[in-house]
Structures are given as structure tokens and as C-alpha cells.
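Structure at a glance
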Amino acid sequence: MKKIFTAALMLLMATQLGAQSKEAQALLKSYDKAKQDIADARRAAKPATWIKYAQALTNAYSLPTNNLWIGLSSLESKVVLKDQRALSTEYQEIQGEQFEIVKYEDKDLYYNADGRLSFWIITKPLIKEVDMLDEAYKAYDKATELDTRGSSKSDIQEGLTLVANNFINDAMAAYTLGNYKDASVKFEKSFIAASHPALNVIDTTIVYYVGLTALMDQDYDRAVKFFEKCIEMDFESAGDTYANLAEAYKQMGNMEKSKELLSLGFTKFPNSQSILVALINVYLESNDDPAKVLEFIQRAQQNEPNNPSLYYAEGNVLKNLGKFEEALRMYEKSVETDPNFFFGYFQLGQAYYDRAVDIQTAASDELDDTKYMKMVEELDMMLEKAIAPFEKSFELASDQEIRSVVVEYLKNIYFRLRTKSPEYEASYEKYNQMLQGQEQ
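Presented here is a report on the structure given in the accompanying data block. (Residues numbered from 1 in each chain as written. Predicted model: local features only at pLDDT ≥ 70, side-chain atom pairs only at ≥ 80, totals over all residues. Heavy atoms only, no water.)

Residues F390 and I413 are the most contacted members of the largest nonpolar core, which totals 80 residues. The element that contributes the greatest number of residues to this core is helix α15 (residues 342–363), accounting for nine residues. I413 has contacts with Y353, L383, A386, I387 and F390, leaving out every residue within four places of it along the chain. Counting residues in hydrophobic clusters, the runner-up holds 28 residues, among them Y31, I38, L57 and I156. (Core = buried A, V, L, I, M, F, W, Y, C linked by side-chain atoms within 4.5 Å. Buried < 20%, exposed > 50% of the residue type's maximum accessible area, 1.4 Å probe, protein only. Helix = DSSP H or I, 4+ residues; strand = E, 2+ residues; numbered from the N terminus. Contact = heavy atoms within 4.5 Å.)

Turning next to helix α17 (residues 400–417). The terminal C-alpha atoms of α17, which comprises 18 residues, lie 26 Å apart, in line with the 26 Å expected from a rise of 1.5 Å per residue. Taken together, the buried positions of α17 are V406, V407, Y409, L410, K411, I413, Y414 and L417. Among the residues of α17, the N-terminal cap falls to D399, whose side-chain oxygen and the backbone nitrogen of E401 are separated by 3.0 Å. (Expected span 1.5 Å × (residues − 1). Polar contact = N/O pair within 3.5 Å; in protein donor to acceptor, adjacent residues only side chain to side chain.)

Along any regular strand the residues' side chains alternate between the sheet's two faces. Pairing of strand β1 (residues 88–94) with strand β2 (residues 97–103), which is carried by seven bridges, proceeds in the antiparallel orientation. Bridge pairing in β2 links S88 to K103. (Pairing = 2+ DSSP bridges.)

Glancing now at the sheet that holds strand β3 (residues 107–111). Read from one edge to the other, the open sheet built from four strands follows the order β1-β2-β3-β4, with strand pairing classed as antiparallel. Every interior strand has two partners, whereas the edge strands, β1 and β4 (117–122), have only one. If you compare each strand with its neighbour and ignore which way they point, the axes differ by 25 degrees on average. Across the sheet, helix α5 (residues 153–176) lies against β1, β2 and β4, angled at about 100 degrees from β4, the strand it touches most. (Axes fitted to C-alpha atoms, helices over the stretch in contact; angles between N-to-C directions.)

Moving on, we come to the side chain of S195. Structurally, S195 is set in the loop between α6 (180–194) and α7 (204–216). S195 sits in the buried class, given a relative accessible area of 18%. In this structure the side chain of S195 is engaged in a polar contact, spanning 3.4 Å, whose partner is the backbone oxygen of I192.

This paragraph deals with the pairing of β4. Strand direction decides the pairing type here: β3 and β4, joined by five bridges, are antiparallel. Within β4, the residue paired with L109 across the bridge is W120. Connecting the antiparallel pair β3 and β4 is a turn made up of five residues, with G115 showing a positive phi of about 75 degrees.

A few words now on the environment of E425. The residue E425 is located in helix α18 (residues 422–439) in this model. Classification of E425 by relative accessible area gives partly exposed; the value is 30%. With 373 residues separating them along the chain, E425 and K52 place their C-alpha atoms 85 Å apart.

This paragraph deals with the side chain of Q347. By secondary structure assignment, the location of Q347 is in helix α15. Its relative accessible area of 8% is what places Q347 among the buried residues.

A cluster of nonpolar side chains, namely M172, Y175 and M216, defines an oily patch on the protein surface of about 230 Å² accessible area. Tracing the sequence through the fold places Y175 in helix α5. The class of Y175 is partly exposed, set by a relative accessible area of 31%. (Patch = residues over 30% accessible without salt bridge, like charges linked within 9 Å, V, L, I, M, F, W, Y side chains within 5 Å. Areas by Shrake-Rupley, 256 points an atom, 1.4 Å probe, with all protein chains shown as cover. Salt bridge = Lys/Arg side-chain N within 4 Å of Asp/Glu carboxyl O.)

Right, let's talk about the environment of K124 for a bit. Tracing the chain through its elements places K124 in the loop between β4 and α4 (132–146). Look at K124 and you get partly exposed, because its relative accessible area is 39%. Residues K124 and S404, 280 residues apart in the sequence, show an inter-C-alpha distance of 49 Å. Those residues within four positions of K124 in sequence are excluded, and the remaining contacts are E105 and D106.

According to the stated counting rule, one finds 27 aromatic pairs in the structure shown. Summarising the aromatic geometry, the rings of Y353 and Y409 are spaced 4.8 Å apart at their centres and angled 80 degrees between planes, so their arrangement reads as edge-to-face. Of this pair, Y353 sits in helix α15 while Y409 sits in helix α17, and the two are 56 residues apart along the sequence. Centroid distance F394 to Y431: 6.2 Å. Interplanar angle 90 degrees. Geometry classified as edge-to-face. On the criterion of sequence distance, the pair formed by F394 in helix α16 (residues 369–396) and Y431 in helix α18 is long-range, its members being 37 residues apart. An aromatic cluster is defined as three or more aromatic residues linked by ring pairs; in this entry it consists of Y312, Y331, F341, F342, F343, F346, Y353, F390 and Y409. K257 extends its terminal NZ or CZ atom over the ring of Y249, reaching a point 5.8 Å from the ring centre. When the ring centre of F394 is taken as origin, the NZ or CZ atom of R403, which lies over that ring, is 4.1 Å away. (Phe/Tyr/Trp six-rings, centres within 6.5 Å; stacked < 30°, edge-to-face > 60°. Lys NZ or Arg CZ within 6 Å of the ring centre and 35° of its normal.)

Interpretation in functional terms is not warranted from these geometric data alone.
Next comes the structure, spelled out in C-alpha cells:
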């Protein structure tokens with residue numbers, strides 16, 4: 001009985017694989033015939049010849065994923081691909097998201113945490129000698145040139161739409177996988193196909209994606225080119241286009257151009273958080289007018305009151321201005337807003353520590369014993385106040401290098417205070433041993 005079942009299963013698989021192979025063979029035959037036709041001078045003078053060639057290419061391109069669509073459940077995919085056998089399944093975290101990857105002979109299907117098809121990668125294209133989508137676009141372009149009467153317009157438009165959509169699918173797959181260079185190129189090709197005079201669909205969002213993925217790829221010249229194209233096309237994305245364009249210029253070292261763009265964007269979109277945050281950063285990095293920085297920060301806080309980093313940023317500006325108490329209040333507000341905000345605790349501890357260092361420096365020059373002792377008491381008080389926020393930041397830190405920095409601060413503080421109590425002495429020993437262990 002087992003042998004009969006195995007034989008039947010093998011026969012069924014052979015039949016299924018044979019059917020799939022026949023479909024592939026038919027598509028290859030159509031492609032070869034279409035390729036011969038465009039090489040024939042008489043036939044190549046007809047738009048229909050080039051349309052058939054383009055269709056042969058797109059049909060061959062789409063074969064591995066025929067009848068699949070984004071959002072399909074894994075169960076539905078199995079039904080659609082009933083004649084195809086999955087070779088393996090693996091799980092992978094990609095940019096913080098968990099995916100189930102089901103591998104077939106000619107493709108990998110990526111399912112998200114909800115079990116829905118998110119994207120696919122064709123691993124074994126039917127035709128390898130040319131880039132099928134690029135070649136199909138060129139064929140439709142040639143067909144347009146020959147179609148002087150417009151009799152083939154609808155076929156050309158349908159074909160260009162298919163090419164543009166396939167480029168978008170490929171771009172999104174590349175983006176999800178973190179291949180931003182490839183994503184930027186594919187988004188651009190999609191825009192070119194859709195905006196072809198025969199179709200004339202101008203999707204400014206795609207132009208923005210070209211620039212954004214170029215920025216993520218750190219290709220700043222390309223990012224500038226396409227973000228400026230967005231602005232020319234009046235696609236400002238509620239201010240994000242200005243913020244991203246300014247970031248590209250900043251990364252290229254042109255800080256003045258970056259400020260100019262952010263200021264322009266701010267006048268147009270005063271509530272844009274991306275522009276406000278960019279303005280804050282660029283003014284802080286260039287050490288410009290702190291009053292202007294505070295104005296931007298406070299505007300940003302109104303738009304986003306639950307963002308602890310904005311109170312932290314204001315605290316840093318105030319600290320640099322010598323407004324110690326006001327800076328402390330901002331650091332405290334940052335951790336009140338988010339009790340797990342590491343930077344707020346760390347900067348709160350550092351503010352107290354830095355004040356203690358300033359007092360120690362001043363005390364070393366003080367000749368009056370009474371004043372000196374008072375300054376020493378204040379110094380120790382500042383160090384004691386630094387302990388709790390530093391220990392909390394140590395608790396929250398996950399990066400080993402950052403933890404080492406915090407341990408160094410705590411060791412120094414407890415060393416200074418170790419004679420005050422056995423607890424301080426024990427804490428000094430703990431952090432000193434911890435630091436020695438990290439250094440080994």
C-alpha cells in the first residue's frame with residue numbers, strides 16, 4: 001500500500017512539474033518568436049510587433065508569481081500555488097520585523113507577522129539574457145514611436161502600467177530588505193514608465209520615494225536631485241521634502257543651504273515636526289543663536305508634548321547658557337514624560353556632576369577656610385544628587401560602551417564619598433570591580 005501511494009505521489013508531482021514546465025516552454029517559445037520578429041525589418045516597422053515582444057517579456061517576468069498578490073494569506077498562497085512545491089521555510093527578522101520566508105524553485109515569498117504576503121523575490125527568472133522589465137519598456141517606447149495613428153494606444157498604455165507596477169513591487173521589496181540603492185533605481189524606473197508620453201501618469205509620490213531611498217543609501221547628490229524635482233512639482237509632503245532635502249545638503253557639508261531650506265520650509269509648514277527637529281539640530285550643531293534654537297524647540301514641544309527628547313534638547317541649550325536650575329527642570333521633565341528615557345537620566349546625572357567639578361575648581365582657589373568648607377559640602381551634595389540618575393541610566397543602558405561610561409562616573413562619585421558611609425564604600429568597590437572587569 002505504501003509503495004502504491006509513493007508511486008502515485010511521484011506521478012502526480014511529475015505531472016504537475018511537467019505542466020509548469022510546459023507553460024514556461026510556451027512563454028520561451030513566444031519570446032523567441034517575438035525576438036525574431038523585431039529582427040525582421042518588415043515586421044519591425046509595425047507597432048504590434050514591438051507590443052508582442054514587450055508582452056512576451058512581461059509574461060515571462062510574471063510567470064513565477066502569476067495569480068499572487070500582496071496581502072494574500074499563506075493558506076491562500078498555497079491554494080494558488082497548488083501545483084508548486086515549497087522547498088523550505090525559514091524565519092528572519094528584517095529591520096525589526098519578523099518574516100516567514102517560503103522558498104520555491106524560482107522565488108522566495110515573504111510573509112509578515114500576520115501571515116500575509118508582504119513581498120517576493122524572483123530568484124530564478126525565466127529569461128536571464130536581458131532585464132525583462134527594462135527591455136519591455138524599450139519595446140513599448142518603440143511601439144509608441146511607430147504608432148503614428150494611435151491605433152495601439154490602449155495596448156501600449158496597459159503594458160506601460162504593468163511595467164511601472166512591477167518596478168514598484170520590486171522597489172518595495174528592495175526597500176524592505178534594506179537595499180536602498182536598488183529601491184531608489186527601481187522607483188525611478190517606475191516613474192519613467194508611468195510618465196511616458198503614451199501613458200502620462202505623473203506620480204510625484206514615487207519621485208519622493210526615489211529621493212528618500214537615495215538619502216537612506218547616503219547618495220546625497222541623487223537625493224538632492226529628486227527632492228528638488230519634488231519641490232519643482234509642488235510635492236512638499238507637508239514639509240518633509242524640505243526637511244529631507246536640507247538633510248542631504250547638511251550631509252554634503254553645505255550647512256547654510258540646509259538652514260535656508262529649513263527656514264523656507266518652516267515659513268510654509270510651521271507645524272511640521274520634521275522641519276522643527278531638523279532646525280533644532282542644525283542650529284545646535286552650528287552653535288548659532290541659542291534664543292532661536294529655544295524658539296524652535298518650544299514650538300516643537302507644543303506640537304509633540306509627549307516627546308521626551310524635546311525637553312532634553314531644551315535642557316542642553318539651557319545648560320550651555322549657564323542656566324543650571326532651568327536645565328535641571330527640563331531634564332526632569334524629559335524623564336517624567338518617559339520614565340525609560342535614558343538620555344534624560346544620564347544628562348541629569350552629568351549636569352550635577354559637572355556642577356560638582358566646577359565647584360571643586362573654584363574651591364581650589366578659595367583661601368577662606370569657612371567658604372572653602374561650605375563649597376566642599378555643596379560639592380558633595382551635587383555628587384550625591386548625581387547618583388540616582390546615573391544609576392537609573394546604568395539600569396536602562398544596553399550598549400556596553402555606554403554602560404562603561406556610566407560606571408566610570410559612578411566609581412568616581414563613590415570614591416569621593418566612600419568615607420561618608422559603609423554603603424558608599426561598598427558601592428565604590430562594586431563599580432570599581434565592574435570597571436576593572438570591563439577593561440580586562
